Amino acid sequence: MELLLLNPLFINMAQIVIVAIIVYALLKKLKQPSLFAYIIAGIIIGPLVLGKLDLDFLGLPFHIGITHISSEVKLLSELGIAFLLFSIGIETSVTKLLKIGKPIIIGTVFQVLAVIGITFALTSFTGLLNFEEALYVGAILAFSSTTIVIKILSDKNATSTLNGRIMIAILLVQDFLIIIFVPLLAEIGLLADPLFIPSILGKSILLILIGIFANKIIFPRLFRVAEKESELFLLSSIATAFAFIVVSELLGIPASIGAFIGGLALSTLPYNLEIFSQIRALRDFFIT
């Protein structure tokens, strides 16, 4: 027990989950969404409140509150986002997603460019910000929070509705555009590289092709065997999410997009609803 109390990751996880449960229980009575409770809990337990206070006089073998966000905690939160998108992908109809694809892509690209352009014009030309600062602020305003929007949709059981599918598609297109914008913000000179955007598109197409191959060849055989034993079925579901996260990271694509494509690859299987129910508890834990 002493070893656990001296382990920073264990202490961080324990405090996060305990405070999140307390705040969630209180705000649930006020009919507030769970994500809002998690955000409030994070503020309380984080460097702004409890993490900032000096409570060493209590004589505890650990620090109350989180003084800084460790790489391990960041990893857990990123897994939460990835598993959330993975579960959304399992519930999503590929056919319906493709039907709304073209106008969503065009509209989202226009929205991002318009917001960045307007922000750049208002801040750069007026002297409030320099060129690079104006681009950064414009990019921050243009992109939505995938985690917040999808978690709210999930809580309201609205991910399979028309509005839900449209919002999810917009968020995924934005996530894809982030792959392009982040390197550009770091080095504007990449715009002159004729291979920059084709390289990103090629990697994305490769990830989609891997998903199609897995859907047609690998997953039907894998889950036909795994369905005979519940433990193997659960591990196979989790392994699928991790496999697509790893592949997307190797290709330089956000883990959330890779996880979503992995979920889509499972969405047409006859076991998709059972897979969703299996990973739901794990998803909710990481999201917290």
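To start, this report covers the structure provided alongside it. As the structure is a computational prediction, the values presented were derived from the model and not from experiment.

A look at the overall build of the chain
- Broken down by element type, the chain carries 13 helices and zero strands.
- Within the chain, the fraction of its 288 residues that count as buried is 41%.
- Taking contacts inside the chain between residues at least 6 apart in sequence as the whole, the part at least 24 apart equals 66%.
- In the structure as shown, the chain presents an accessible area of about 16300 Å², 71% of it carried by carbon and sulfur atoms.

What about helix α10 (residues 196-226)?
- At I218, α10 is bent by approximately 50°, the largest bend along its length, and proline P220 sits one to four residues beyond.
- Within α10 the residues assigned to the buried category are F196, I200, S204, L207, G211, A214, N215, F219, P220, F223 and A226.

Digging into the packing of helix α4 (residues 71-91) against helix α11 (residues 230-250)
- Taken N-terminus to C-terminus, the directions of α4 and α11 make an angle of 110°; their axes are 11 Å apart at the nearest point. In terms of orientation, α4 lies roughly perpendicular with respect to α11. The way α4 lies across α11 gives a crossing that is right-handed. In this structure, α4 uses L79, A82, F83 and F86 to contact α11, whose residues at the interface are S237, I238, T240, A241, F242 and I245.
- Looking at the contact of α4 with α11, its residues break down into eight nonpolar, two polar and no charged.

What to know about the nonpolar core
- F83, F86, F219, F223, F244, L266 and I275 are the most contacted members of the largest nonpolar core, which totals 32 residues.
- Contributions of two or more residues to this core are made by α4, α10, α11, α12 (255-267) and α13 (272-287).
- With seven residues, α10 is the single largest residue contributor to this core.
- Look past the residues within four positions of F219 in its chain and what remains in contact with it is A214, R224, T240, F244, A265, L266 and L269.
- Core analysis: the second largest hydrophobic core is formed by 23 residues, V19, L27, L84 and I287 among them.

What about the layout of surface pockets?
- If you add up the space inside the second largest pocket, you get close to 730 Å³.
- Lining the second largest pocket are 28 residues; nearest its centre among them are I16, Y38, S77, I287 and T288.
- Secondary structure elements with two or more residues in the lining of the second largest pocket: α2 (8-28), α3 (34-45), α4, α8 (146-155) and α13.
- Its residues assigned to classes, the lining of the second largest pocket comprises 20 nonpolar, six polar and two charged.

Examining a nonpolar patch on the surface
- On the surface, I39, I43, I44, L48, V49, I148 and I152 cluster together into a nonpolar patch covering about 540 Å² of accessible area.
- Among the elements of the structure, α3 and α8 are those that each provide at least two residues to the nonpolar patch.
- Ranked by residue count, the leading element in the nonpolar patch is α3, at three residues.
- Looking at where I39 falls in the secondary structure, it is placed in helix α3.

Scoring rules and cut-offs
- Residues numbered from 1 in each chain as written.
- Predicted model: local features only at pLDDT ≥ 70, side-chain atom pairs only at ≥ 80, totals over all residues.
- Heavy atoms only, no water.
- Helix = DSSP H or I, 4+ residues; strand = E, 2+ residues; numbered from the N terminus.
- Buried < 20%, exposed > 50% of the residue type's maximum accessible area, 1.4 Å probe, protein only.
- Contact = heavy atoms within 4.5 Å.
- Areas by Shrake-Rupley, 256 points an atom, 1.4 Å probe, with all protein chains shown as cover.
- Bend = angle between axes of the 7 residues up to and from the residue.
- Axes fitted to C-alpha atoms, helices over the stretch in contact; angles between N-to-C directions.
- Parallel < 35°, antiparallel > 145°, perpendicular 65-115°, else oblique.
- Left-handed = near helix turned anticlockwise from the far one by under 90°.
- Nonpolar A, V, L, I, M, F, W, Y, C, P; charged D, E, K, R; others polar.
- Core = buried A, V, L, I, M, F, W, Y, C linked by side-chain atoms within 4.5 Å.
- 1 Å grid on protein atoms, 1.4 Å probe; cavity = no way out; pocket = protein on both sides within 12 Å on 5 of 7 lines; lining within 4 Å.
- Points joined across faces, edges and corners; volume = space filled by probe spheres on them.
- Patch = residues over 30% accessible without salt bridge, like charges linked within 9 Å, V, L, I, M, F, W, Y side chains within 5 Å.
- Salt bridge = Lys/Arg side-chain N within 4 Å of Asp/Glu carboxyl O.

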